[in-house]
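Residue-level listing of the chains:
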Amino acid sequence: SQQGEEDPQALSIQEGENATMNCSYKTSINNLQWYRQNSGRGLVHLILIRSNEREKHSGRLRVTLDTSKKSSSLLITASRAADTASYFCATDLGERDDKIIFGKGTRLHILP
Amino acid sequence: DAGITQSPRHKVTETGTPVTLRCHQTENHRYMYWYRQDPGHGLRLIHYSYGVKDTDKGEVSDGYSVSRSKTEDFLLTLESATSSQTSVYFCAISGSSGEETQYFGPGTRLLVL
């Protein structure tokens, strides 16, 4: 069952530009997380935002959460070639649970 | 990937043979997970463990079994491999709760011929 869904599926931008990707989900959540995956590697955790938070920053990353719209966005500012990767959102299912559900990801390509 | 290793990293096997993948952690985390990643499907949970000898099924558990006899090791077994189980398998760990941050291993590429 797909809880989170990223949009767009793929994104190409010029180096230095900002990249925005979105995640929509279906049920109420406790937390929403964003992960990055470089080609051929495991996922790396980027940021976790709780349901009572609206915005969170980490370096060049900015995550927003709108629980009324059941959506989140990840903004990467001043993109670099090293940001080329797939980005996944992951959510729990609201009730106390021991697992999270991943979306299918957004493939981001930074053009030189 | 620090603190989490997966073995083997690559494996080619034939349909009908048993296959065991190992995940080993040095972080003493309570929760361990096995996912598979396929094009068009993202990451899907196979099984997970919330303690030694405590396991539960995920979204795509058919054809897979798991065991956890020690905190540090979580084994995934394909009893009789099928071509549909060709995939990249990732192990992940989490300390406080499965809803919190998960840390991933480097993955195992499995090809079933």
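The residue numbers shown here count from 1 along each chain, following its written sequence. For naming, the first written chain is A and the first written ligand is 1, with later ones following in the order written. Residues qualify for local features only when their pLDDT is at least 70, as the model is predicted, and side-chain atom pairs are given and counted only at 80 or more; totals for whole chains, interfaces and linings, by contrast, use all residues. Calculation of side-chain values draws on the structure's entire complement of heavy atoms; hydrogens and water are dropped beforehand.

Student: Honestly, the pattern of salt bridges in this entry has me stumped. Any pointers?
Tutor: A side chain of one charge can pair with a side chain of the opposite charge if their charged atoms are brought near each other. Put simply, a salt bridge is a Lys or Arg side-chain nitrogen that is within 4 Å of an Asp or Glu carboxyl oxygen. In this structure the tally under the stated criterion is 8 salt bridges over all chains. Here R50 of chain A and E100 of chain B are joined by a salt bridge, their closest N and O atoms 3.1 Å apart. With R50 of chain A in strand β5 (residues 43-50) and E100 of chain B in the loop between β9 (87-94) and β10 (103-104), the pair connects residues from two separate chains. Relative accessible area decides the class of each residue, using a 1.4 Å probe on protein chains only: under 20% of the type maximum gives buried, over 50% gives exposed, and in between gives partly exposed. The partly exposed category is assigned to R50 of chain A, whose relative accessible area is 35%. Between R22 of chain B and D73 of chain B there is a salt bridge; the shortest N-O distance is 3.1 Å. Here R22 of chain B, found in strand β3 (residues 19-25), pairs with D73 of chain B, found in strand β8 (residues 73-78); they are 51 residues apart in sequence, far enough to count as distant. Residues joined in a network through salt bridges with shared partners are R22, K70 and D73 of chain B. Runs of E in the DSSP output that reach at least two residues are strands. Runs of H or I that reach at least four are helices, and both are numbered from the N terminus.

Student: Would you mind showing me how to read the packing of aromatic side chains here?
Tutor: Given two aromatic rings, their pairing is described by the distance between the two centres and the angle made by the two planes. Aromatic rings from Phe, Tyr and Trp, with only the six-membered ring used for Trp, were paired whenever their centres fell within 6.5 Å, and each pair was classed as stacked if the ring planes differed by under 30 degrees, edge-to-face if by over 60, and tilted otherwise. A complete count under the given rule lists 10 aromatic pairs over all chains for this structure. Both rings, one in Y35 of chain A and one in F104 of chain B, keep their centres 5.9 Å apart while their planes meet at 80 degrees; by these two values the pair is edge-to-face. Here the residue Y35 of chain A occupies a position in strand β4 (residues 31-37), and F104 of chain B occupies one in strand β10, the pair thus bridging two chains. Comparing Y35 of chain A with F104 of chain B shows no difference in burial state: the two are buried. A ring pair is formed by Y48 of chain B and Y50 of chain B, whose centres lie 6.3 Å apart and whose planes are at 50 degrees; its orientation type is tilted. On the accessibility criterion, Y50 of chain B (27% relative accessible area) is partly exposed. Among the aromatic residues, those joined into a cluster by ring pairs are Y35 and F102 of chain A together with Y31, Y33, Y35, Y48, Y50 and F104 of chain B.

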